[in-house]
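Below, each chain spelled out in residue letters.
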Amino acid sequence: MLLAHSIDRVNALEAAEPGEPGLVRRAQAGDVEAFGELVERHRRAVFRAALAATGSPAEAEDVAQEAFVTAFQKLGTFRGDASFKTWLLTITWRKAIDRRKSIVRWMRRLAAPAAGDQADRNQMEQLPGASRTQEDALLGTELQRELRTLIGALPRKLRDALLLAGAGEYSYEEIAAMLTIPVGTLKWRVSEARRVLRVKLEAKGFSHVR
Amino acid sequence: MSADLDREIDRAVRAMLDREPPALLRSRVLSSIEGGDRRWSIAPFAIPAGALAIAIVLWIVLAPGRAVDRPVQISAGSGDVHLPPPAGEAVVRPHGSPTVAPRVGAAVRRQRHVVAAAVAHSEPVAPGIDALTAPAPLSVGTLPAPATSTLSSIQPAPLRVTALDVPALEMPPNAARGVER
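The rules we used
Residues numbered from 1 in each chain as written. Chains lettered and ligands numbered in written order. Predicted model: local features only at pLDDT ≥ 70, side-chain atom pairs only at ≥ 80, totals over all residues. Heavy atoms only, no water. Helix = DSSP H or I, 4+ residues; strand = E, 2+ residues; numbered from the N terminus. Buried < 20%, exposed > 50% of the residue type's maximum accessible area, 1.4 Å probe, protein only. Areas by Shrake-Rupley, 256 points an atom, 1.4 Å probe, with all protein chains shown as cover. Contact = heavy atoms within 4.5 Å. Patch = residues over 30% accessible without salt bridge, like charges linked within 9 Å, V, L, I, M, F, W, Y side chains within 5 Å. Salt bridge = Lys/Arg side-chain N within 4 Å of Asp/Glu carboxyl O. Core = buried A, V, L, I, M, F, W, Y, C linked by side-chain atoms within 4.5 Å. Axes fitted to C-alpha atoms, helices over the stretch in contact; angles between N-to-C directions. Left-handed = near helix turned anticlockwise from the far one by under 90°. Nonpolar A, V, L, I, M, F, W, Y, C, P; charged D, E, K, R; others polar. Parallel < 35°, antiparallel > 145°, perpendicular 65-115°, else oblique. Phe/Tyr/Trp six-rings, centres within 6.5 Å; stacked < 30°, edge-to-face > 60°. Polar contact = N/O pair within 3.5 Å; in protein donor to acceptor, adjacent residues only side chain to side chain.

Undergrad: I would appreciate a short explanation of the overall build of chain B in the present structure.
TA: From N to C terminus, chain B includes six helices and two strands. Going from N to C terminus, chain B has its helices and strands arranged as α-α-α-α-β-β-α-α. Here chain B holds 181 residues, and 14% of them are scored as buried. Working note: accessible area of chain B is about 14900 Å², and carbon and sulfur atoms make up 64% of it.

So this is what it looks like as structure tokens:
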């Protein structure tokens, strides 16, 4: 009787101030509003993961929406082995990679290649904030522009690892689960990406950055 | 790896991903779950649907049994030209008007013009014209078999050159006088 009372109390508390486990359970029971709250909590992480994979904000929006809908449909398969965020990000990354390979993307690029490429370039050439001195500002701007170009030109495995690790939204365990690689492999890819960037920057004359 | 470069790389990465998701993402997801938006679900089927549409159009255009030329039948006493409709098409029969196929090919239209001109130049009340009888079938006699060759060889016969018998020319009078002197 005491145990049942405790469980009821916990359930009541969760209903009053729902934590994520409670939201997930309610969503699994069919509570769409509870799932909506989960969408609100993770929309930024999902969207940025999709953006890291596709490089296009428009496609990232589609992927994020598709990932959330798929997650709702597959809520019954979520057993709580990993966190809900990790499970959701795994679905998101899979959808994003499918989109990256999909013929839809190919057709969009055929239909509006200039717009798509220009949008990607604009994204990569987005200017950073001001630096300490004017000279530093100029050098910083040029360095940032060059870094974005070089990051975009990295091999996909290195680029994906670097973008996800540098975004500041995901732990290494979450990224490793998304990419379905061991954490050690992930750390090596991030390190290798930084090394390649350093070599290429030096080749372009940015040796002052140490 | 230097700390400064790491910081610059992280700064570049954050700038590349520094986008906020759309404000309506939640409502779009919920409406999709509740059976609303099918926007992205149609796209994967766009190409197969387009290819199917092209295949249907090609089949309609290239399907057999769409010959244009049809025999023109002239009925007795009416002066009307009745053209059989193309295969597969319904004939529009407005009340009280001659029967005319809604769509005919160019060749049939030309035939109609020729017949109409012939009818226009005929007597006001055209006599009945019996339908043409089928022409008699052509009989082609069999060709005789070619004669067998009697040649034993196809080598050319040797040339036979006969010697020319050229008579001597008579000396001209001037030349003859020069010889006599």
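Undergrad: Looking at this structure, I do not really get the side chain of threonine 92 of chain A. What am I missing?
TA: Residue and element names in this part refer to chain A. Relative to the elements of secondary structure, threonine 92 occurs in helix α5 (residues 84-101). Under the relative-accessibility criterion, threonine 92 is labelled buried at 0%. The residues touching threonine 92, leaving out its near neighbours within four places in the chain, are Val46, Ala49, Ala50, Val63 and Ala67.

Undergrad: It is not clear to me how a nonpolar patch on the surface should be interpreted in this structure. Could you clarify?
TA: All names here are of chain B. There is a patch of nonpolar side chains on the surface, built from Leu52, Ile54, Ile56, Val57, Leu58, Trp59, Ile60, Val61 and Leu62 and spanning about 980 Å² of accessible area. Looking at the element boundaries, leucine 52 is found in helix α4 (residues 46-62). On the basis of relative accessible area, leucine 52 is assigned to the exposed category, the value being 54%.

Undergrad: What am I meant to see in helix α10 (residues 172-179) of chain A here?
TA: The α-helix winds at 3.6 residues per turn, so residues separated by three or four positions along the chain end up facing the same way. Residue and element names in this part refer to chain A. Three or more residues of α10 are buried, namely Glu174, Ile175, Ala176, Met178 and Leu179. For α10, the elements touching its buried residues are α3 (32-54), α5, α9 (156-166) and α11 (183-203). Of the residues one or two after α10, threonine 180 is the one with positive phi, at around 55°.

Undergrad: How should the nonpolar core be read in this particular structure?
TA: All names here are of chain A. Ranked by internal contacts, the top residues of the largest apolar core, which has 68 residues, are Phe35, Phe84, Leu162 and Leu164. Per-element tally for this core: the top contributor is α3, with 13 residues. Contacts of leucine 164, omitting those with residues within four sequence positions, involve Ala49, Ala52, Trp93, Tyr170, Ile175, Met178 and Leu179.

Undergrad: In this structure, what is going on with α9 of chain A? I would like to understand it.
TA: All names here are of chain A. The buried count for α9 comes to nine of 11 residues, which makes it a mostly enclosed element. Taken together, the buried positions of α9 are occupied by Leu158, Arg159, Asp160, Ala161, Leu162, Leu163, Leu164, Ala165 and Gly166. Phi turns positive, to about 80°, at glycine 168, one or two residues after α9.

Undergrad: I'm lost on the packing of α3 of chain A against helix α2 (residues 25-33) of chain B in this one. Help?
TA: Direction vectors running N to C along α3 of chain A and α2 of chain B enclose 145°, while the axes themselves pass 9 Å from each other. For the pair α3 of chain A and α2 of chain B, the sense of crossing is right-handed. Residue-level inspection shows Val32, Glu33, Phe35, Gly36, Glu37, Val39, Glu40 and Arg43 of chain A of α3 of chain A in contact with α2 of chain B, the latter providing Leu25, Arg26, Val29, Leu30 and Ile33 of chain B. Here the residues of the contact of α3 of chain A with α2 of chain B are counted per class, giving seven nonpolar, one polar and five charged.

Undergrad: What should I look at first to understand the packing of α3 of chain A against α5 of chain A in this one?
TA: Two quantities define a packed helix pair, namely the angle between the helix axes and the distance between the axes. All names here are of chain A. Relative orientation of the contacting elements α3 and α5 amounts to 40°, with a least axis distance of 9 Å. In this view, α3 runs oblique relative to α5, as classed from their interaxial angle. In terms of crossing hand, the pair formed by α3 and α5 is right-handed. The segment α3 lies against α5, with Phe35, Leu38, His42, Ala45, Val46, Ala49, Ala50, Ala52, Ala53 and Thr54 engaging Phe84, Lys85, Leu88, Leu89, Thr92, Trp93, Ala96, Ile97, Arg99 and Arg100. A breakdown of the residues in the contact of α3 with α5 according to their chemical character gives 14 nonpolar, three polar and three charged.

Undergrad: Sorry, what's going on with the pattern of salt bridges here?
TA: If charged atoms from side chains of opposite charge come close, those side chains can pair. All told, the structure shown has 25 salt bridges over all chains when counted by the stated rule. Residue arginine 28 of chain B is joined to glutamate 61 of chain A by a salt bridge in which the shortest nitrogen-to-oxygen separation is 3.7 Å. Note that arginine 28 of chain B is positioned in helix α2 and glutamate 61 of chain A in helix α4 (residues 57-73), a pairing that runs across two chains. Taking relative accessible area as the criterion, arginine 28 of chain B reaches 22% and is therefore assigned partly exposed. Residue class for glutamate 61 of chain A comes out partly exposed when judged on its relative accessible area of 25%. Note that arginine 195 of chain A and glutamate 192 of chain A form a salt bridge whose closest N and O atoms lie 2.7 Å from each other.

Undergrad: When you look at the packing of aromatic side chains in this model, what are you seeing that I'm missing?
TA: What describes a pair of aromatic rings is the distance from one ring centre to the other and the angle between the planes of the rings. Residue and element names in this part refer to chain A. Per the counting criterion, the structure on display carries four aromatic pairs over all chains. Ring centres of phenylalanine 78 and phenylalanine 84 lie 5.7 Å apart, and the angle between their planes is 90°; this geometry places the pair in the edge-to-face category. Of the two residues, phenylalanine 78 and phenylalanine 84, neither departs from the other in class, the shared state being buried. Ring geometry for phenylalanine 84 against tryptophan 87: centres 5.7 Å apart, planes inclined by 40°, an arrangement best described as tilted. Of this pair, phenylalanine 84 and tryptophan 87 both sit in helix α5, separated by three residues, roughly a single helical turn. A relative accessible area of 16% means that tryptophan 87 is categorised as buried. Three or more aromatic residues joined by ring pairs make a cluster, and in this case those are Phe78, Phe84 and Trp87.

Undergrad: Sorry if this is basic, but what is going on with the environment of glutamine 144 of chain A here?
TA: Topologically, glutamine 144 of chain A is positioned in helix α8 (residues 134-152). Residue classification places glutamine 144 of chain A among the buried residues on the basis of a relative accessible area of 0%. In terms of polar contacts, glutamine 144 of chain A uses its side chain to reach the backbone amide nitrogen of alanine 12 of chain B, at 3.2 Å.

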